[in-house]
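Residue strings, one per chain:
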Amino acid sequence: MATPASLEYAEEFVPEDDILRAARRRGIEVGARPILPGCGAALCFLATVVNARSVVEVGAGCGVSGLWLLRGMRPDGTLTSVDVEPEHQRMARQTFAQAGFSGSRIRLIGGRALDVLPRLADGGYDMVFCDAAVQEYIDYLTESVRLLRKGGVVVFADAFCDDRVADPTQRDPDTVAMRELAKLVKNDERLRPLVLPLGSGLLAGVKLS
Ligand SMILES: C[S@@+](CC[C@H](N)C(=O)[O-])C[C@H]1O[C@@H](n2cnc3c(N)ncnc32)[C@H](O)[C@@H]1O
C-alpha cells in the first residue's frame, strides 16, 4: 500500500500552473471547493485517452476542473459545464479566458443539474465529470450512462467523502449516498469500474455498451 509520502508525490506529480492556482484561490474564497491537482491531472489524462470532443461537467465552481478537462480535450472539443450559481460560472468563464480558451469551446449552462442534464443528447458525449450535489449522484449516474457514447467515461469527485466512505462508523447522508453510488457503479454490467486514490478520490466507470 502507498505511504502518505507516495500519495503526496502522486498528488503533486503534475503541478498546477499560475492560472489554476489563482482559480483555486477564488474557488476556496467563494466556497466552491476545487478539485485537487492529482484529480485534475487524472481528468486531463482521461480526456486525452478518450480523445474527448464533447465533455459534460456538473459543478463548474470557479473553473479548476473545467480547465484541466479543456487541456486534455481535442483542440476542437466543447466543454458543457452546468452550475446553479451564476457567480461561480462567471469566475469559471474568467478562468477559461485567462487560459486562452475561446468562448466557442465552452457552453456554460445555468441551472440545477437534474433540470439541465435531461435536455442533453443521448450518446452525444465522450466524458461526464460530476462534482456538485452528492445526494443527487445516483441520478447523475443514470443521466451520465444515457449521455455517454460506448467507450465514454463517467467520473465522480470526492469518492472518499473526506475519508468517511471507508469508515463504517460514518453514516451521514453524503457518505451513505457515495457508498450507494460506488456499489451501483461497481455492479453495473454496462460499466467497467475504478476508484483512483488521488485527491479526495475519484470514482469512475467506462461505458462498455
Ligand atoms: C465542489 S464545487 C465544484 C468545483 C469544480 N468542479 C472545480 O474543481 O473547480 C460544486 C459546484 O456545484 C454547484 N452545484 C451544487 N449543487 C448543484 C446542483 N444541484 N446543480 C448544479 N450545480 C450545483 C455549486 O454551485 C458549486 O459551484
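To keep things clear, this report deals only with the structure shown in the data block. (Residues numbered from 1 in each chain as written. Predicted model: local features only at pLDDT ≥ 70, side-chain atom pairs only at ≥ 80, totals over all residues. Heavy atoms only, no water.)

**Looking at the environment of Gly 77**
Link 1 in the chain: Mapped onto the elements of the fold, Gly 77 is located in the loop between α4 (64-72) and β2 (78-83).
Link 2 in the chain: Note on Gly 77: relative accessible area 0%, which makes it buried.
Link 3 in the chain: Placed 20 residues apart in sequence, Gly 77 and Glu 57 show a C-alpha to C-alpha distance of 13 Å.
Link 4 in the chain: Leave out the neighbours within four places in its chain, and Gly 77 touches Arg 53 and Arg 105. (Helix = DSSP H or I, 4+ residues; strand = E, 2+ residues; numbered from the N terminus. Buried < 20%, exposed > 50% of the residue type's maximum accessible area, 1.4 Å probe, protein only. Contact = heavy atoms within 4.5 Å.)

**Regarding the state of the cysteines**
Link 1 in the chain: For the structure shown, the criterion picks out zero disulfides.
Link 2 in the chain: The thiol sulfur of Cys 39 is not disulfide-bonded, and the nearest other cysteine sulfur, from Cys 161, lies at 13 Å.
Link 3 in the chain: Residue Cys 39 is classed as buried on the basis of its relative accessible area, which comes to 2%. (Disulfide = S-S within 2.5 Å.)

**Comments concerning the site of the ligand**
Link 1 in the chain: In the vicinity of the ligand lie 22 residues, with Gly 59, Ser 65, Asp 83, His 88 and Asp 131 positioned nearest.
Link 2 in the chain: Contacts to the ligand include Gly 61, whose backbone N or O atom sits 3.4 Å from an oxygen atom.
Link 3 in the chain: When the ligand is considered free in solution it has 600 Å² of accessible area, and contact with the protein chains removes 89% of it.
Link 4 in the chain: Partitioning the shell around the ligand into residue classes produces 10 nonpolar, six polar and six charged. (Near = heavy atom within 4 Å. Polar contact = N/O pair within 3.5 Å; in protein donor to acceptor, adjacent residues only side chain to side chain. Areas by Shrake-Rupley, 256 points an atom, 1.4 Å probe, with all protein chains shown as cover. Nonpolar A, V, L, I, M, F, W, Y, C, P; charged D, E, K, R; others polar.)

**So, helix α8 (residues 173-187)**
Link 1 in the chain: For α8, with 15 residues, the first-to-last C-alpha span of 21 Å sits near the 21 Å given by 1.5 Å per residue.
Link 2 in the chain: Taken residue by residue, α8 has Thr 175, Ala 177, Met 178, Leu 181 and Val 185 as its buried positions. Down the axis of α8, the buried side of the element spans an arc of 160°, and every buried residue falls inside it. Away from its buried face, by an angle of more than 90 degrees, α8 presents the exposed residues Pro 173, Lys 186 and Asn 187.
Link 3 in the chain: On its buried face, α8 sits against α7 (137-147), β5 (148-157), β6 (191-196) and β7 (202-207). (Expected span 1.5 Å × (residues − 1). Arc of directions from axis to C-beta.)

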